[in-house]
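# Structure assessment
So the chains spell out like this:
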Amino acid sequence: MRFSLKRTSLSSLLLAILLNASLASGNPAKEHRRAVVPGQWSIVQNGTTGVSGMQLAVTSENTVIVLDKVEHNSLTVDGHIAWVSEVNLDTKEVRALSPASNTWCATGSFLSNGTLVSSGGNPVVITGEDGLQALRLFTPCNDGTCDIFENQAVIRLTSKRWYPSSVRLEDGSVLIFGGSVIGGYINSASVNNPTYEFFPSKNINGFNGVQIPSKFLRDTLNGNQFPIMVYLPDGTIFVAANQNAMILNWKTNTETRLPDIPNGVRITSPFSAGATLLPLTPEDNYTPEVMICGGSTFPDSTNTTAVDSQFPASDQCSRLVLTPAGIAAGWMVETMPQARIMPELILLPDGRIVIVNGAQTGVAGYSFGSNQIGASDADHPALTPVVYDPAAPSGQRFSSTGIPASEIPRMYHSTATLIPDGTVMMAGSNPNTDVTTVKYPTEYRMEFLSPPYMSRPRPTYTELPATVDYTQVFTLSVSLPSTASNVSVALMDPGFATHGVHMDQRMLKLVSSLSSDKTTLTIIGPPTPALYPPGPAYLFVVTDEGVPSFGHKTIIGTGAAPPNDAGATANMLTVSAKSLVASPPPPIQGEGSNMATAMIPVESA
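Read on for a plain summary of the structure. The model shown is predicted, which means the values in this text are computed figures rather than measured ones. (Residues numbered from 1 in each chain as written. Predicted model: local features only at pLDDT ≥ 70, side-chain atom pairs only at ≥ 80, totals over all residues. Heavy atoms only, no water.)

### Observations concerning the pattern of salt bridges
Any two side chains of opposite charge can pair, on the condition that their charged atoms come close. For the structure shown, the criterion picks out 18 salt bridges. One salt bridge in this structure joins D493 and R168, with 3.0 Å as the shortest N-O distance. With a gap of 325 residues between them, D493 in strand β37 (residues 487–493) and R168 in strand β11 (residues 165–168) connect regions that are remote in the sequence. Neither D493 nor R168 differs from the other in exposure class; each is buried. With a closest N to O distance of 2.8 Å, R397 and E334 form a salt bridge. Within this pair, whereas R397 is found in the loop between β29 (386–388) and β30 (398–399), its partner E334 is found in strand β24 (residues 332–335), the two being separated by 63 residues in sequence. When its relative accessible area of 12% is taken as the criterion, R397 is described as buried. Among the residues examined, E334 registers a relative accessible area of 9% and is labelled buried. (Salt bridge = Lys/Arg side-chain N within 4 Å of Asp/Glu carboxyl O. Helix = DSSP H or I, 4+ residues; strand = E, 2+ residues; numbered from the N terminus. Buried < 20%, exposed > 50% of the residue type's maximum accessible area, 1.4 Å probe, protein only.)

### Some thoughts on the sheet that holds strand β20 (residues 254–257)
Here we have 4 strands laid out as an open sheet, ordered β17-β18-β19-β20, and antiparallel in their pairing. The open sheet terminates on both sides in strands that have one partner only, identified here as β17 (228–231) and β20. Across the sheet, the mean angle separating the axes of adjacent strands is 25 degrees when strand polarity is ignored. Judged from the 5 bridges that link them, strand β18 (residues 237–241) and strand β19 (residues 244–249) form a sheet pairing that is antiparallel. Looking across to β19, one finds that A241 is bridged to N244. (Pairing = 2+ DSSP bridges. Axes fitted to C-alpha atoms, helices over the stretch in contact; angles between N-to-C directions.)

### Brief notes about the nonpolar core
Grouped together as the largest cluster of nonpolar side chains are 49 residues, with contacts concentrated most on V64, V354, V424, M425 and L449. Residues within four places of V64 in sequence aside, it is in contact with L56, A57, V58, T59, S85, E86, V87, L89, I419 and M425. Among the nonpolar cores identified, the runner-up in size contains 46 residues, and I292, L476, L521 and V541 belong to it. (Core = buried A, V, L, I, M, F, W, Y, C linked by side-chain atoms within 4.5 Å. Contact = heavy atoms within 4.5 Å.)

### A short note on the state of the cysteines
A full pass over the atoms with the stated rule returns 2 disulfides. Here C141 pairs with C146 through a disulfide, and the sulfurs are 2.2 Å apart. Taking the torsion about the sulfur-sulfur bond, which here is approximately -80 degrees, the covalent link between C141 and C146 counts as left-handed. In this model, C293 is linked to C317 through a disulfide, with the two sulfur atoms separated by 1.9 Å. Where C293 bonds to C317 through sulfur, the torsion about that S-S bond is close to 115 degrees, and the disulfide is right-handed. Of this pair, C293 sits in strand β22 (residues 289–294) while C317 sits in strand β23 (residues 316–321), and the two are 24 residues apart along the sequence. Among the cysteines of the chain that take part in disulfides, numbered as they appear in the sequence, the pairing is 1-2, 3-4. (Disulfide = S-S within 2.5 Å.)

### Brief notes about the packing of aromatic side chains
This model, assessed by the stated rule, comprises 10 aromatic pairs. On the numbers, 5.5 Å between centres and 55 degrees between planes, the contact of Y185 with F368 is tilted. Placement of the pair is Y185 in the loop between β12 (174–177) and β13 (195–199) and F368 in the loop between β27 (359–366) and β28 (376–381), with a sequence separation of 183 residues. For Y185, a relative accessible area of 6% corresponds to the buried category. (Phe/Tyr/Trp six-rings, centres within 6.5 Å; stacked < 30°, edge-to-face > 60°.)

The structure is reproduced here in structure tokens:
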């Protein structure tokens, strides 16, 4: 299929010319190798995060936000322990942020105006407020003065959510999906929250600002926390949980089941796999394909005494093309070089995926099994990253050649993300109730994984607009290495990472044309909001040798806030005073347990 353009403006004419030039070969991108830089990778330890990296998101060209649970971190803010920080990637300086409630096991997504929404959390632990029904807003800034806004009297979820997921929609709002009403090893019918909702609230399908039931979230019990969610080019959402998958049409509130995950592998917490949408390219008509790697075949019983830290994780990677023909063909199964539970799948600007973190045995959690390692319910850390090339021939896609092993186990409650310089940041690991130094301790050290392209001369560019609207034509002034003859453009959302799930991560190849003197690059913005929902983006210019530029930040769309239905919001505030399911007491140990609630004074310096 090709785009049919009926507008007669100059920009539309240029769009048609560049699209036809891009598509002229007619060859699907996924069937052809792109250039990648061979050679040695490196891992460097540099700096600490101040709080342990349970959740991680890139917020600017040189900052990330790191969210933890409330625990006895040495970093303080406003006279009490801190559990959220902002890290400067250039200086490695840490700035404590001050949310009101416990961010333990929340999700996160960015709105169309660039504001991060943190949703859900945990009851009070040590200090702060109950975060189960919380919504927190963080708008990044450049002067180090921004902080988290949180006031549950005026902004909150419809109901309590622990371990939910979220996804940004084509109108710039966020859909928040699933979770439990209290913590614990695994979900169950008694604590399930089988609903979804929107922020800002919507009046849609007969639900005026209130939560919307999902049969899928009932059918996928028990192991369905932190569902995998991907926004698709047709405006629907791919969802996977436990051993099942579906397409959610949020506009009509309909669920369409997909083939089950092959070979009985469970892929969501506490059997966490990693997942990503493969790069969307015009050469392949933006055909969506998802990949899910790792997980476990361990039973999803609620019997916590059966939890086994030595149970082998899955080495399965499965790909599904989300077209009628692809769905009919079913999942394509491959085998990773090493089994992993809790892996992180990180998109690189050269189109490959690097797999980091996780363990080779056990499940995601702590303090439940009879053979804990320290407190961890997993063991045998997966220390060596693996790179996967989706465009390579079958049997040649995985490689660890030239990639060193990390010295830091990244177990439960660890994270990773692509950062704008093109490296992968790895942080966190804390399978423990509180800060500790037992085996698999609370981890604060950051690592940076550098692909071989980081050692090559790199392209640079200037003049990126602060906002890029759909089909907008814009130009960059570029400076290319002498050996480069052409370039492509990768528009990337690093997403929000937690528990191996990367909310909103995606890569979209933009149509572009390089001038004959190789100094001007003409680019067309994303064709539709469904291909890249409006919000933050990092633009990489990638040479035909596989070397990316620095990824400068822009906002796709106009930068405006998403639609706000005042009536739906008012009704939500009225109805949400009572959750769908009343919260039982928190567990007395392990995940979600309530440690001493008394304020513990900050230690004097």
